Structures are given as structure tokens and as C-alpha cells.
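# Results of the structural survey
The primary structure of each chain is shown beneath.
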Amino acid sequence: MSRLKTSLPETLASTVKSTMQDWQAGGKMKRLWDRDASLWTGSDESKWLGWLDIVEGQIAQQSELRKVAEDARSGGFKDVLLLGMGGSSLCPEVLDMTFGKQNGYPQLHVLDSTDPAQVKAFKEKVDIPKTLFIVSSKSGTTLEPNIFKQYFFECAKQAVGAEKAGNHFIAITDPGSKMQKVAEGDHFRHVFFGRPSIGGRYSALSNFGMVPAAVIGLDTKKFLERAQGMVRGCGPNVSIEENTGAVLGIILGAAANAGRDKVTIITSPGISDLGAWLEQLLAESTGKVGKGIIPVDREELGDPSIYGNDRVFAYIRLEDGIDAAQEKKVEAIEKSGQPVVRITMADIHDLGAEFFRWEIATAVAGAIIGINAFNQPDVEASKVVTRDLTTEYEKTGSLPAEKPILEDAGVKLFTDQKNASALAQAAKGKSFGDYLQAHLSRIGAGDYFALLAYIQMNAEHEEALQKIRHVVRDKKRAATCLGFGPRFLHSTGQAYKGGPNSGVFLQITCDDSVELPVPEQKYTFGVVKAAQARGDFQVLAERGRRALRVHLGKDVTAGLKALLKAVQQAV
């Protein structure tokens, strides 16, 4: 089983030790396993702990998973396209990027964006007559999976005929959901059920993670048996100091309460996508009522001098895939006195065990921080605004008009009245550069900077945005985050809106060069993405966040280059 080693500064080590004693004396792990809601806030937490015994349930239904694996293999499918968001899509994405294509099984692709260029790219990437679509939606009411289904079902009807289209689709959803009714009405090949007592971000080891794993030919038995070892190791009767899930959670919770609330995720190259899953688990579970953990993923390791005292480093390393240069950098950070937690996985099959350890740790950290680790109130707020805007579009054929606060150098700037006044006062002049400088100068000690990019997620855009975030990180010595919209809305978006008010946000939007209709709707994918960006920004503004939106126009590549140059000058 994967090992855990810690190196903590004296004050934090002392708090962790006393918290561990408190958890041992108070039998708190037993209370967690007994589903005692008073361990958190005494509200509905007990209803959301079905993940505690899901591994046992999944091992018992191995024959079902084997059956779907064999069906996908013998069905002549070349590609599998999973349509989902957040908890329904991140685990399958991690599995695909970690294990890769299995011999004799179809290749997995994961679509979790309404960006029309991205949807179109996925349509062109797969061979539709030989594609199995997995529509993954717990509630069955989530906007994105529903419109993905409408779009690709139409594509399948055109490619294989209306009678055969349903045979190319699988649904994973909770029993009785709207998606179940749709799947049955459209004669889907299979419908698999989630467990209603498991929230999306805790669902990796349920059917939401394990059905896609089986379909692409992973050894789910081996995967789940490794996870079961961790379940036992984090059990109710294991002493706290031996319980690595509890220890990890106590460190994260105690550190967050002491102001070290930026958990910087470092992973061996072979498990590089694990951070995307951890981001959602940590941010959405803990970031609320002004408290919580801000996960920092995909930030390159720098010189120890650029890190403030608001960080904790979580280094998850593969024993059979250690990167020597990365190891050296982590050692330097450790020697500088920063708190470092090292987790060593024997190999990639330990991933299921790691999912469970971090779920336990997140639940424990949530209890220590003093929040309900299983709800996501601010994600809902953003969805409501988006729904209002798309409904408005269906009625009128347009989104409400917007007026930029500034138009200069080919970009438009938008923000709310409070932010606009603050920026106008602080800006030295009336140019794009002046406003950007005023915005970035708001980053202070203990703050973080987040890029929220509503553009196509691809390697070129990622590289450009990474350059921008690292310029800010190195000059401002602040933690930095990067998310593609609308994907991050179902992940870190909760903490950005509901967590500590220490974020300075730069939202990036563009004019879409591609337009894609959504069957049966007036609105298009581009309109949905625009409504999501507006909904996101509106809620950030309502929550009093420091936020500015930069609209790039149609040439995104040129726009990002200009933005990088402007940021370099502004800092």
C-alpha cells in the first residue's frame, strides 16, 4: 500500500499532534464511519457517506463490470466518448491519461466543455459509427451532459440511423433521474446506476469511475482490491497515527486553519492528471462560508524563495516513475522549512487506493475546518444565473446587452460597478495596460491569482496561459490557479466563490470562431458558454470578489500573446 511521510514546521507539527490526540480520544474516526453528521455541521452530512463502503459493493459486482468490458470489446467500437462534467468526468479522464489505451479495447475521450471549437474537435476525433457514447450525469438535470447527449445522439442518428443510434449509448445516472427516462426512451445499450448517497466528487470508485474503467479494458478487480487495502487502513478501529487518511486530513485541516490554505499538488509525470481530480475534491468539499482549501495544480516548481507561508505541498510520487529533477526541487522546498507531505505509490494500480485516502482526508479536513464537506452551495448559484440567461435566450433570441468598462488594444474589459470604481481609482491612465496593472496590484500577501479561461482547452492555449500564471507567480510571489471554463465551474469554482476572499480573478472570454447548434434548442453551444461565463462572473461579483474579465475577440492565439505581454509589463 502507498506510504505517507511528512515534514512539518514546528508550530504546525505541534497543532497536528494535539489534533491527532483529540481525534483519538474523541473516537472521531469511528463517528465518521458511523455517519455522525455532528462531526461536521450537524446538517445533512449523514446522507452523503455512501462512498465509505462502495469498494466492497463494487468488488461484489465484478461480473457486471466484466460483462460491460466484454460487450465494449466485442461490439466493434473503436472509440468511447464520455460526456460529463466534474465528478462524472474527472476520474475517467485521470484513468485514461494514466493507463492509456489497453490492447484490444476502445480508446477513451472525455468531453467536459461547451466551447464549440472543443465540441467540434471531439466530433472530428472519433469515428461516430464505431463510437460508444457514455452519458454520465448523477442528477440527470446537469445542463452540459444533456446538451452533449442531444448533439451526439443527433450525430449518431445521421451516421447509423435512428433505430440503431440508442445502441451506441450508455447512461450512468442515479436511479429515477431524468437521464434514466431519456436513456430508456431512446433505447440505450445499457443504463448503470450511481448510489444516491454519493456526491459526484466522491464517486470515483462507484459506477461513475468503474464503468468507464471497465469499458476501456482496465483490470477493475486489481484496481478495487488495492483500494480495499486502503479502506481497511483508514477504517474506524485503526489508531489515528496509523490511519494515513486521517493523518493527511488532520494536516490539511490544521494547516488551512493556520492560514496555510493553498495545497500545492505535485505529481510524478506518470500520474500528472491526478491533480485535476484532487482539485475538485478539495475545492468543492472545503471551499465555502468563507473558509476552505485552495488547491494549486500544474504550477511548475520554483525556487523556495518565491513561496509564502500560506502553502502546504502534497507530493504524490510513483515509485516506478520518479522524476529526479522534480525530487531535487521538492527536497529544496522541504529544506526551506515549508510543510511537505510525501505519498509514495508503488505503481499506477495504487490510484484507486489514493482516491479513497484523499476522500477520507477531505472529509476529515472538512470536519476540522468546520464546514459541510458534501454540499456545493455556490456551484448552484452560478447554475441558476446561467439557467436564467439561457431561458431568456430561448424567449428573445439574444443574451442581455453588455457594456465594456474599457475598449483598447483589441480587447474589451468587463466588470461590475464596485470593481470598476476600484480599478478606475487605482489605474494610472485609461489604457488596457493601466487597468491590468491596477487589477494585478490588488494581489497581496496570502492572496492567490486565478485565470478562468472560457476558451478551447488545448495544448497551445494551456502553454500560453501557463506562461501568464508563472509571470504573476514569480513577480507577486503568490499562489496561482488556472482553470478552463466551464469545466472548472464543477470543480474549483465552488472555492473561488464560497471559500476565503483571497482570490484575484482574471476571466478570459473570446468570440467563437465556430458555431454549433444544440438540437431542439434556439441557443447554441457558444451561447451556453457565454451564459456560463456571465453566470460565473456575476456570482463572483455578488460575493465581493476582485474580478476582471478580458474579452479577446476572435483570434485567441494573438489575444493570449498580447495578454502575456501586457501582464509582463503590468507586474
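What counts, and at which threshold
- Every chain is numbered independently, its residues counted from 1 as its sequence is written.
- Local features in this predicted model are restricted to residues whose pLDDT is 70 or higher, and side-chain atom pairs enter the listing and the counts only when it is 80 or higher, whereas totals over whole chains, interfaces and linings include all residues.
- Just so you know, side-chain values use all the structure's heavy atoms and leave hydrogens and water out.
- At least two bridges found by DSSP between two strands are what make those strands a pair.
- Only DSSP runs of H or I with at least four residues qualify as helices, and only runs of E with at least two residues qualify as strands; both kinds are numbered from the N terminus onward.
- Lines fitted to C-alpha atoms define the axes here, with helix axes fitted over just the stretch in contact, and angles between the N-to-C directions of these axes take values from 0 to 180 degrees.
- Contacts are assigned to residue pairs with any non-hydrogen atoms lying within 4.5 Å of each other.
- Here the aromatic set is Phe, Tyr and Trp, taking the six-membered ring for Trp, and pairing holds for ring centres within 6.5 Å; pairs whose planes are under 30 degrees apart are stacked, those over 60 apart are edge-to-face, and all others are tilted.
- Think of it in three bands: with a 1.4 Å probe and only protein chains considered, a residue is buried below 20% of the maximum accessible area for its type, exposed above 50%, and partly exposed in between.
- The term nonpolar core refers to a set of buried residues drawn from Ala, Val, Leu, Ile, Met, Phe, Trp, Tyr and Cys, joined through side-chain atoms within 4.5 Å.
- Under the rule applied, a polar contact is a pair of N or O atoms within 3.5 Å (in protein, one hydrogen donor and one hydrogen acceptor; residues adjacent in sequence only if both atoms are side-chain atoms).
- A crossover counts as right-handed when, viewed with the strands pointing away from the observer, the path leading from the first strand over the helix to the second turns clockwise.
- We define a salt bridge as a contact between a side-chain nitrogen of Lys or Arg and a carboxyl oxygen of Asp or Glu at a distance within 4 Å.
- Here the angle decides the label: under 35 degrees means roughly parallel, over 145 means roughly antiparallel, 65 to 115 means roughly perpendicular, and every other value means oblique.
- The crossing is said to be left-handed when, going from far helix to near helix, the turn is anticlockwise and less than a right angle, and right-handed when the turn is clockwise.
- Here the nonpolar group is Ala, Val, Leu, Ile, Met, Phe, Trp, Tyr, Cys and Pro; Asp, Glu, Lys and Arg are the charged ones; every other residue, Gly included, is treated as polar.

### Observations regarding the sheet that holds strand β2 (residues 79–83)
Hydrogen bonds between backbone groups are what pair the strands of a sheet, and the pairing can be parallel or antiparallel. Pairing within the open sheet is parallel, and its five strands lie in the order β3-β2-β4-β5-β6. Both edges of this open sheet fall to β3 (107–111) and β6 (190–193), since each of them pairs with a single strand only. Sheet twist, expressed as the mean angle between neighbouring strand axes with direction ignored, is 20°. As paired elements, β2 and β3 share five bridges and run parallel to each other. Within the sheet, the bridge partner assigned to Leu81 lies in β3 and is His109. Docked against the sheet, helix α5 (residues 90–99) engages β2 and β3, running at close to 140° with respect to β3.

### Regarding the packing of aromatic side chains
With the rule as written, the count across this model stands at 22 aromatic pairs. Summarising the aromatic geometry, the rings of Phe99 and Phe223 are spaced 6.2 Å apart at their centres and angled 65° between planes, so their arrangement reads as edge-to-face. With Phe99 in helix α5 and Phe223 in helix α11 (residues 220–233), this pair connects stretches of sequence that are 124 residues apart. You'll find Phe99 and Phe223 in the same group, each marked buried. With a centroid separation of 4.7 Å and an interplanar angle of 20°, the aromatic rings of Phe133 and Phe169 are classed as stacked. Linking Phe133 in strand β4 (residues 131–136) with Phe169 in strand β5 (residues 169–173), this pair joins segments that are 36 residues apart in sequence.

### Details of the nonpolar core
Trp277, Phe355 and Trp358 are the most contacted members of the largest nonpolar core, which has 95 residues in total. If you tally residues by element for this core, the top one is helix α15 (residues 351–369), at 13 residues.

### Quick look at the sheet that holds strand β7 (residues 262–267)
Spatial ordering of the open sheet is given by β1-β10-β9-β7-β8, a layout of five strands whose pairing is mixed. What marks the edges here is a single partner per strand, and that holds for β1 (3–7) and β8 (294–296). The sheet shows a mean angle of 20° between the axes of neighbouring strands, taken without regard to direction. In the sheet, β7 pairs with β8 via three bridges, with the strands oriented parallel. Looking at β8, one finds that Thr264 is bridged to Val296.

### Looking at the environment of Glu515
Relative to the assigned elements, Glu515 resides in the loop between β15 (503–509) and α21 (525–542). Its relative accessible area of 45% is what places Glu515 among the partly exposed residues. Along the sequence, Glu515 and Ala117 sit 398 residues apart, while their C-alpha atoms lie 7.8 Å from each other. When near neighbours in sequence (up to four residues on either side) are disregarded, Glu515 contacts Pro116, Thr524, Phe525 and Gly526. One polar contact links Glu515 to Thr524, side chain to side chain, over a distance of 3.1 Å. One polar contact links the side chain of Glu515 to the main-chain amide nitrogen of Gly526, over a distance of 3.4 Å.

### Overview of the pairing of strand β10 (residues 340–345)
Here β10 lies mainly inside the structure; six of its six residues are buried. Here β10 shows no split at all, with Val340, Arg342 and Thr344 on one side and Val341, Ile343 and Met345 on the other all buried. Examined bridge by bridge, β1 and β10 share five bridges and lie antiparallel to one another. Among the inter-strand pairings, Arg3 is bridged to a residue of β10, identified as Thr344. When strand β9 (residues 311–318) meets β10, the two strands line up parallel, connected through six bridges. Its bridge partner being in β10, Ala314 is matched across the sheet by Val341. Handedness of the crossover joining β9 and β10 through helix α14 (residues 324–335) is recorded here as right-handed.

### Side note on the pattern of salt bridges
Pairing between side chains becomes possible if they bear opposite charge and their charged atoms approach one another. One pass over the full model with this rule turns up 39 salt bridges. For Asp115, the salt bridge goes to Lys529, with nearest N and O atoms at 2.7 Å. Residue Asp115 is located in the loop between β3 and α6 (116–125), and its partner Lys529 is located in helix α21; the two are separated by 414 residues in the primary sequence. For the pair Asp115 and Lys529, one class covers both residues: buried. Taken together, the shared-partner salt bridges connect Glu299, Arg311, Arg473 and Asp474 into one network.

### A look at the environment of Leu83
Tracing the chain through its elements places Leu83 in strand β2. If we skip the residues at most four places from it in the chain, Leu83 touches Leu111, Phe133, Ile134, Val135, Ser136, Pro145, Phe148, Lys149 and Phe152.

### Structural notes on the packing of helix α1 (residues 10–25) against helix α12 (residues 244–257)
When two helices pack together, their arrangement is given by the angle between their axes and by how far apart the axes lie. Where α1 contacts α12, the two axes come as close as 9 Å, and the packing angle between them is 125°. Comparing their axes, α12 and α1 come out oblique. Crossing hand, α1 versus α12: right-handed. Here Leu12, Thr15, Val16, Thr19, Met20 and Trp23 of α1 come into contact with α12, specifically with Val247, Ile250, Ile251, Ala254 and Ala255. For the contact of α1 with α12, the residue count by class is nine nonpolar, two polar and no charged.

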